[in-house]
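Tertiary structure, described
Chain residues, written in single-letter form:
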Amino acid sequence: MRVALFVTCLADHYFAEAAADTVRLLRHLGCEVAFPADQTCCGQPAYNAGRLGEARRMAEHTLGVFAGAVGEPGDPAASDAPAAPDGPAATDAVVLPSGSCATMVKKFYPRLLAGGRDTAPPTALADRTFDLAEFIVHRLGVTELGSGLAGRRVAVHQGCHALRELRLETEPAVLLEGAGAEVVPWEAQEECCGFGGLFSVKMTAVSAAMADRKLDTLPEVDWVVSGDGGCVLHLDGRNRARGTGVEFVHLATALWRGVAGDARAAEGSDVAAVRDAAEAARPLEAR
Amino acid sequence: MARVARATASRPGLPHPGALATPRSDNAVDAFVKRFTGSGGEVARADPELPPGEWLARFLRGLEPQVTGVALAPDVPPELRPRLQEAAGAHASAGISLAWGAAADTGSLVLPSTGTRAVQLLPPVHVVWLPAGRVFARLDDALLELGAGLPAAVGLHSGPSKSADIGRTVVTGVHGPGRCIAVLS
Amino acid sequence: MHTRIRDYPSRSSEIIRDDPGVRDAVTGATIAFDQKRLQGYAEVDADAWRRWAEGVKSHTLTHLDRYLAEAETQLEANGAEVHWAADAAEAREIVMSLAARHSVKSVVKGKSMVAEEIDLNPALEAAGIEVYETDLGEYILQLLEEEPSHILGPAIHKSLQQVQELFADRLGSEPGGDPDTLARAARRVLRDAFIQADMGITGGNFLVAETGTVALIENEGNIRLTTSLPRVHVAVVGIEKLLPRMADLSGFLQLTARAATGQPIGCFVSLVQGPASHPDDDGPEAVHVVLVDNGRTDVLAHEHAWEALRCLRCGACLNACPVYRQTGGHAYGYVYSGPIGSVLDPGLLGLHEAMPLPFASSLCGACEDACPVRIPIPEMLLEWRREAQEEGLTPWKERAALKGLASVATRPGLYRLAGRIGSRLGATGVARGLPMLGEWAADRALPQPSRRTFRELWRKGIE
């Protein structure tokens, strides 16, 4: 399976290790990973603000990048795949370590480009774009990731777009349990954290109160895991401002930690994987 | 109206989706009892061995707190009327009505306005004669049958008066009757 | 129409900061309502019901002129009078003239959002008419001189203790009385009001065109009393409340109750066709139906907003909304609050008047999943945001920032450069001084950018 990684701007700059863990995880699961270098922002900030002209320009740029490009010319590290001829067949799937940005590409691009709601036909890219958890469970058909997270108690924060637009209701928990973790029920698991991009900037008090509701109801866990970096930035920002002291981990990192933990147990020699997993598992603050 | 016509003219008319298919229970009486009691209503079954008026008088005498005066809807036929002290709706401790019918899927008694509304609403206890043959499987069926000769008003009573407006605690008998008893006969 | 919508950002902050009891009460009540709705939906084929209801309402709205004409004809045939009000002032004048015509001194009211919308109580009171709100929650708010904060549970933002203190002070009930005792105290006052009132004023959940039936749903019995005991009944009904046929009503009565409270149906439903005509009927001698437009035809004509007119006023979207839960309805500054308010108010009042409500949402989508008539609230919010941007109703800094983002994001080389600079800036804490991030950072620890961007890691090679 040849996969193009759409890293998303947030993961590129704030969750670089989680993005790297996405690559490690996908490779571990037998995928060749390409990173089209001209990728930028999916345009969701503009779309959510109602600036559809700007959003459309960014969408068109992204569609162009993922229609065929598989890597930066002259950059041998840009792709695992041989320099395939440009074209839609160059990769089988586009994977994002963000449910929200995946939703933008899968659900909102068609509406945006058709200039209307509801009835827009999917774009070619929509059909082969996946959120990471969606890709692993539904495209690769994998739910068992070893037992490297055995003994870990985790709570899952479900990003709203992944939950209600992509209907990924169980996938993150299934994968975490498939990596040995104990997923602890959380009263506010499906409630919005209050990020909402521009919303958290414009309605800052309400947004913070929504994060507080999440944090106040959190069960006793080792990690809070989410597949959406935006939610984590917001929740963890509030977490650290309040001193709630819980550790937030991106889903990709948590899953890779599970796999790498297994690798260590099995081979005892995968130094790089263990080092990366240890780095990834450090709290955001410490990095 | 002209403004509404202008506003609707701006888009094509959408079709009506037809009837909503909802299930019909096989045993409407049992389904009614389940739904009605589930909403806090009470069901009693009249003793066929006794004249209805006498059965009702005994039943009312057995209620706590003691029934001191009953308000009787004028459309309650003579054989169903208990021989008890009568009182106006506002002063009676129980009101006696005759249901036009009932709906099983919602657990509702169908009460037309021909039966005097004060009797249905003011006393703390409302006792409603319900002939078992008048229980419709669905509210929809009941409303359609009623539709031909609709009275000025119809009340659907599906349990006692209740509110959770204070401290999210459910209290009964807020304005209307705190007990609603269907008597199946 | 004077509203306080524009103050949403400051009022929401104040409520959260200064009155934490509101957040607790509203969160508790709405989550309880929402869970009951989920149970109520689970007992039926809710998806099919919701699609059906969406279809009936959309059909009705696209033929609204026809159904309004039919309803008027039927109501008149039933002996009711029909009045048309183009706006709030006309609606008030109609009710006031009816009060004068019927020599009304005392009015009992059933909970009606339209009556709130047209500001009816102050007009009645100014004319020396006694007005009693009879819904228990509305009665509490009337005593407090507050507005409803929720479509269904107008006083959900009040704690038991607040009601205890209020009733002890105003009704002489024993201090610390339980809800049962408090409800009995209100019942005593309101029972007298019912018996003495000359006029009952209600809203209407539905108006069935085929039969001229005003349908009203409730649990307390106060609406049954309001439509039955006084000499005159006035139903103030929005023109969007039409249903074509009696065969449509049962489904809507059930769906509304399930969406609102999870009940199979309200404890009491009143179906009002007209004034009492049977010799044994002790109902009102006159029934008036006031059909209120007040901005609804503007909404109906609007390309996107018209779907908001399907709304049943069940409150399910408020109950599901994590934004609403933090403040309750008062922060929104208008009678229709929460998700539905944020899409309906711009249509009713004009977008300029309703700013910034389209932005008072994280677009989480919980409202759309809850809505019994499948109003696509998140998409509609986006449409209002688009209009707000096109009309220049958003801050210029925000517009400039997003234009800048688009310029950078469509030039990969520039994007990579900006990313590197941005990371360095973030790392040095300069972001705290940036216009939008500054406020964000007041409540949150600023995120630390990764030491190296993913791009740098990729170039180095990921092992």
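Remember, predicted model here, so these are calculated numbers, not experimental data.

Basis of the calculations
- Residues numbered from 1 in each chain as written.
- Chains lettered and ligands numbered in written order.
- Predicted model: local features only at pLDDT ≥ 70, side-chain atom pairs only at ≥ 80, totals over all residues.
- Helix = DSSP H or I, 4+ residues; strand = E, 2+ residues; numbered from the N terminus.
- Rg over C-alpha atoms; globule rule 2.2 N^0.38 Å.
- Buried ≥ 20, exposed ≤ 12 C-beta atoms within 10 Å, placed from the backbone.
- Contact = placed C-beta atoms within 7 Å.
- pLDDT = per-residue confidence, 0-100.
- Nonpolar A, V, L, I, M, F, W, Y, C, P; charged D, E, K, R; others polar.
- Pairing = 2+ DSSP bridges.
- Domains from an automatic or database assignment.

1. Points about the overall build of chain C
Summing up its helical and strand segments, chain C has 23 helices and ten strands in all. Expected size for 463 residues packed as a compact globule is a radius of gyration near 23 Å; at 25 Å, chain C falls within 12% of this value. Taking the principal axes of its C-alpha atoms as reference, chain C extends roughly 95 × 55 × 45 Å. Buried positions account for 59% of the 463 residues belonging to chain C. Residue pairs in contact within chain C that sit at least 24 positions apart in sequence constitute 75% of those at least 6 positions apart.

2. A few points about the overall build of chain A
Of regular secondary structure, chain A possesses 14 helices and eight strands. Within chain A, buried positions represent 60% of all 287 residues. Pairs at least 24 residues apart make up 75% of the contacts formed inside chain A by residues separated by at least 6 positions.

3. Digging into the environment of A4 of chain A
Looking at the element boundaries, A4 of chain A is found in strand 1 (residues 2-5). Considering only alpha carbons, one finds A4 of chain A and D92 of chain A, 88 residues apart in sequence, at a separation of 7.9 Å.

4. Quick notes on the confidence of the model for chain A
Should the pLDDT be low somewhere, the predicted coordinates at that spot are not to be read in detail. Residue and element names in this part refer to chain A. Of all residues in chain A, 81% have pLDDT values of 70 or greater, and the mean over the chain is 85. Of the regions scoring below 50 in pLDDT, residues 69-89 engages in 39 contacts with residues more than four places distant in sequence or in other chains. Here residues 265-287 scores under 50 on pLDDT; set against residues more than four positions off or in separate chains, the count is 34 contacts.

5. Examining the interface of chain C and chain A
Across the contact, 62 residues belong to chain C and 60 residues belong to chain A. Each residue belonging to the side of chain C that touches chain A can be placed in one class, and the counts come to 30 nonpolar, 17 polar and 15 charged.

6. Some thoughts on the interface of chain C and chain B
Counting residues at the interface gives 71 residues for chain C and 59 residues for chain B. Both strand 8 (residues 153-157) of chain B and strand 9 (residues 268-272) of chain C contribute to a ladder of five bridges, which runs antiparallel. Residue pairing for strand 9 of chain C: V154 of chain B is matched across the bridge by L271 of chain C.

7. Regarding the domain arrangement of chain C
On domain assignment, one finds that chain C holds domain 1 (22-296) and domain 2 (398-460). Centre-to-centre, using C-alpha coordinates, domain 1 of chain C lies 52 Å away from domain 2 of chain C.

8. So, the arrangement of the chains
Across the two pairs of chains that are in contact, the largest number of contacts falls between chains B and C. One finds no contact between chain A and chain B; the C-alpha atoms of the two approach each other to within 15 Å at their closest.

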